[in-house]
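Commentary on secondary and tertiary structure
In case you want the letters, here they are:
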Amino acid sequence: MKNALKSTTLGIQHLLAMYAGAILVPLIIGKSLGFDHKQLTYLVSIDILMCGVATLLQIMSNRFVGVGLPVVLGCTFTAVGPIMKIGEEFGISAIYGSIIASGLIIMLIAGFFGKLIKFFPPVVTGSVVTIIGITLIPVAINNMGGGQDAADFGSLSNIILAFGTLITIILIFRFSTGFIRAISILLGLGVGTIAASIMGKVDLMPVQDAAVAQMVKPFYFGYPTFEWSAILTMTIVGMVSLVESTGVYFALSDICEKKLKKEDLAKGYRAEGLASVIGGLFNAFPYTTFSQNVGLIQMSGVRSRKVILITGSMLIALGFLPKIAAFTTIIPTSVLGGAMMAMFGMVVSQGIKMLSKTISDSQENSMIIACSVGLGLGVTVAPNLFSALPSGLQILTSNGIVAGSLTAIALNIIFNMLPNRKRQETIVVTKQSA
């Protein structure tokens, strides 16, 4: 009984550590697509449920899927910008078509992704993550003001709530440690929403209207459609997520003292692809490993998959309780914007961290970063730059994330993978001197 209580308590801690990240993604995407409170409640519910399903796929290892480590999955923030862009260009049906198709592609390449990973060194993945983070910052700024086209955009109350939330998150992060620090975003959202309620800016009607329980169903928001540029975008996002997940797998394998084989990695990749397919079918999102839970495992010293099984089961149970999900939809846009600034800023920070070592490695890497980030951001600011090109080429150039990613991959091949005559001459001279 004592062990069961301890495992349940640890499971709740893992749920709280990832909850802010889990709910922010559907809230941001749903609001960008113009969802009403009922649709937003369902989107949050199905996302939480699918986080649980994706987590169970990874920890319940079998011959086909599952890395077999205590890993928690949620929707990656790397996917937020691309999903919003796809929704803006092609509509919500193309979002789910691209998620399903990219998930299938990830499943197909899982067995030999270890060989493809050489095309995604830190200089490439770091550039992609930086581009995605930078393109998300304007979304956070608009929400801090109250939301684009809001009647009270930039009002004093919105500014106070946005920066109050951000400052709360910063203070908690600065003056706390361990678990409290891990949930600083969640606590900041709570404090900001309470302050907004005192100011009369919180409407509890969505919570009152929400059902106590619900049944989920596939294609709730519509049947998928398939656009090549959208599929390409989400496939690149999926591959970048796999590279990030690989780091999490090895970190956990070290903590758990379990040696990973190629087959284990392939099953882990395949589980992420399958989770994306299921997410797309139920109108949710692609899923990847959450690194914040790794820190919690390190801190607690408890490495049991049983704890994560409890976390995954609780996530699934919460997905059937829309009234709980409805509480997240009452968070004012300005409060959400303050939290988004911290979260999206961390995405940029992660990208810079990945790039920091590669810049000093060579001038060539600096050129790769300069061109890919510059082009990615430029196309985002001026999406009609290549409108004169044939429609087939515009698939690759109309999206800043795709354009920047492909630029980074191509330049990495040119500078770091193709034979370099100067480098070969240096090797020959070195051999002759020896």
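Since the structure is predicted, the reported quantities are computational estimates derived from the model, not experimental observations.

Calculation criteria
Numbering of residues starts from 1 in every chain and runs along the sequence as written. Local features are withheld for residues below a pLDDT of 70 in this predicted model, meaning they are given only at 70 or higher, and side-chain atom pairs are given and counted only at 80 or more; totals for whole chains, interfaces and linings count all residues. Hydrogens and waters are ignored; side-chain quantities use all the structure's heavy atoms. Numbering of helices and strands runs from the N terminus; a helix is a DSSP stretch of H or I covering at least four residues, while a strand is a stretch of E covering at least two. Atoms counted for the radius of gyration: C-alpha only. Globule rule: 2.2 Å times residue count to the power 0.38. Per-residue accessibility, obtained with a 1.4 Å probe over protein chains only, is compared with the maximum for each type, and a residue is labelled buried under 20%, exposed over 50%, and partly exposed between these values. Computed by Shrake-Rupley with a 1.4 Å probe, the accessible areas treat only the displayed protein chains as cover when residues are assessed. This count recognises Lys and Arg as positive and Asp and Glu as negative, with His and chain-terminal groups excluded. Charge positions are represented by NZ for Lys, CZ for Arg, CG for Asp and CD for Glu. The rule for a salt bridge is simple: a side-chain nitrogen of Lys or Arg has to be within 4 Å of a carboxyl oxygen of Asp or Glu. Aromatic pairing here means that ring centres of Phe, Tyr or Trp (its six-membered ring) are within 6.5 Å. Orientation follows from the plane angle: under 30 degrees is stacked, over 60 is edge-to-face, and everything else is tilted. Charge over a ring is defined by NZ of Lys or CZ of Arg lying within 6 Å of the ring centre and within 35 degrees of the ring normal. Two distance rules govern patches: like charges are joined within 9 Å, and nonpolar side chains (Val, Leu, Ile, Met, Phe, Trp, Tyr) within 5 Å, applied only to residues with over 30% relative accessible area and no salt bridge.

Here's the deal with the overall build of the protein
Of the regular secondary structure elements, the protein holds 20 helices and two strands. Taking 434 residues into account, the globule formula puts the C-alpha radius of gyration at 22 Å, and the protein, at 22 Å, falls close to it. Along the first, second and third principal axes, the C-alpha set of the protein runs to 80 × 60 × 45 Å. Among the 434 residues that make up the protein, the fraction classed as buried is 52%. Summing over all exposed atoms, the protein offers an accessible surface of approximately 19,500 Å²; the carbon and sulfur share of this is 66%. Across the protein, the centroid of the 28 positively charged side chains sits 12 Å from that of the 18 negatively charged ones.

Topic: the pattern of salt bridges
Here the idea is simple: oppositely charged side chains can pair when their charged atoms come close. Counted under the stated rule, the structure contains two salt bridges. Across the pair Glu-89 and Lys-85 runs a salt bridge whose closest N-O atoms are separated by 3.7 Å. Of this pair, Glu-89 and Lys-85 both sit in helix H3 (residues 80-90), separated by four residues, roughly a single helical turn. In this structure, Asp-152 engages Lys-201 in a salt bridge whose closest nitrogen and oxygen atoms are separated by 3.4 Å. One end of the pair, Asp-152, is in the loop between helix H6 (122-144) and helix H7 (156-175); the other, Lys-201, is in the loop between helix H9 (184-198) and helix H10 (205-209), and 49 residues separate them in sequence. Exposure remark for Asp-152: the relative accessible area of 33% places this residue in the partly exposed category. Given a relative accessible area of 28%, Lys-201 falls into the partly exposed group.

Side note on the packing of aromatic side chains
For the structure shown, the criterion picks out seven aromatic pairs. A centroid spacing of 4.8 Å and a plane angle of 25 degrees characterise the contact between Phe-35 and Phe-221, whose relative ring orientation is stacked. Residue Phe-35 is found in the loop between helix H1 (2-32) and helix H2 (37-59), and its partner Phe-221 is found in the loop between H10 and helix H11 (228-256); the two are separated by 186 residues along the sequence. Across this residue pair, the class does not change: Phe-35 and Phe-221 are buried. When the ring of Tyr-42 is compared with that of Phe-221, the centres are 5.8 Å apart and the planes differ by 80 degrees; the resulting orientation is edge-to-face. Here the residue Tyr-42 occupies a position in helix H2, and Phe-221 occupies one in the loop between H10 and H11, the gap between them amounting to 179 residues. By way of ring pairs, the aromatic residues Phe-35, Tyr-42, Tyr-220 and Phe-221 are connected into one cluster. The side chain of Arg-270 reaches across the aromatic face of Phe-64, ending 5.0 Å from its centre.

Here we look at a nonpolar patch on the surface
A grouping of Ile-159, Phe-163, Ile-167, Leu-171 and Phe-175 is seen on the molecular surface, where their side chains present a nonpolar patch of about 500 Å² in accessible area. On the secondary structure map, Ile-159 appears in helix H7. Look at Ile-159 and you get partly exposed, because its relative accessible area is 32%.

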